[in-house]
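Descriptive analysis of the structure
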Amino acid sequence: MRSVKRSQVNDNIADNRKKVNAMLYKERGQNPRIRRFRPRSADERRALTEITRASVERAKREGKMKMIGKRRMYYDPSE
C-alpha cells in the first residue's frame with residue numbers, strides 16, 4: 001500500500017486548483033445557476049417553512065439576530 005503525506009496532498013491541491021476551477025467555470029459559464037427541476041410538495045414546503053421560522057426565532061432569542069429597522073435586520077453568525 002502506498003503512503004502519502006498530508007503535505008503532498010496539499011501541494012497537489014495547490015498545483016491543480018487554478019486549472020480545475022477554470023475548467024468548472026468554463027463548463028458552467030452558460031448556466032451558472034443549478035436549477036431545481038422537481039417541484040416541492042406541500043408537506044416539504046411546510047416543513048422547510050417551519051424549520052426556517054424556528055431557526056430565526058432561535059437566533060432572535062440568542063441575540064444573534066436583531067431588527068435594526070422596519071424591514072432590515074442584523075445577523076451575527078459568530079459561534
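Everything that follows concerns the structure shown earlier in this document.
A quick note: this is a predicted structure, and the numbers were derived from the prediction, not measured. (Residues numbered from 1 in each chain as written. Predicted model: local features only at pLDDT ≥ 70, side-chain atom pairs only at ≥ 80, totals over all residues. Heavy atoms only, no water.)

Counting through the fold element by element, M73 comes out in strand β2 (residues 73–75). Residues M73 and E57 lie 16 residues apart in sequence; the distance between their C-alpha atoms is 13 Å. Apart from the residues lying within four places of it in its own chain, the contact partners of M73 are M65, K66, M67 and I68. (Helix = DSSP H or I, 4+ residues; strand = E, 2+ residues; numbered from the N terminus. Contact = heavy atoms within 4.5 Å.)

A cluster of nonpolar side chains, namely V4, V9 and I13, defines an oily patch on the protein surface of about 220 Å² accessible area. Within the secondary structure layout, V9 lies in helix α1 (residues 6–28). By relative accessible area, which is 39% here, V9 ends up partly exposed. (Patch = residues over 30% accessible without salt bridge, like charges linked within 9 Å, V, L, I, M, F, W, Y side chains within 5 Å. Areas by Shrake-Rupley, 256 points an atom, 1.4 Å probe, with all protein chains shown as cover. Salt bridge = Lys/Arg side-chain N within 4 Å of Asp/Glu carboxyl O. Buried < 20%, exposed > 50% of the residue type's maximum accessible area, 1.4 Å probe, protein only.)

Right, let's talk about the pattern of salt bridges for a bit. Two side chains bearing opposite charge may form a pair once their charged atoms approach each other closely. Under the definition given, this model contains 5 salt bridges. Close ionic contact of R38 with E44 constitutes a salt bridge, the shortest N to O distance being 3.3 Å. Assessed through its relative accessible area of 24%, E44 is described here as partly exposed. Linked by salt bridges that have partners in common, R38, R40 and E44 make up one network.

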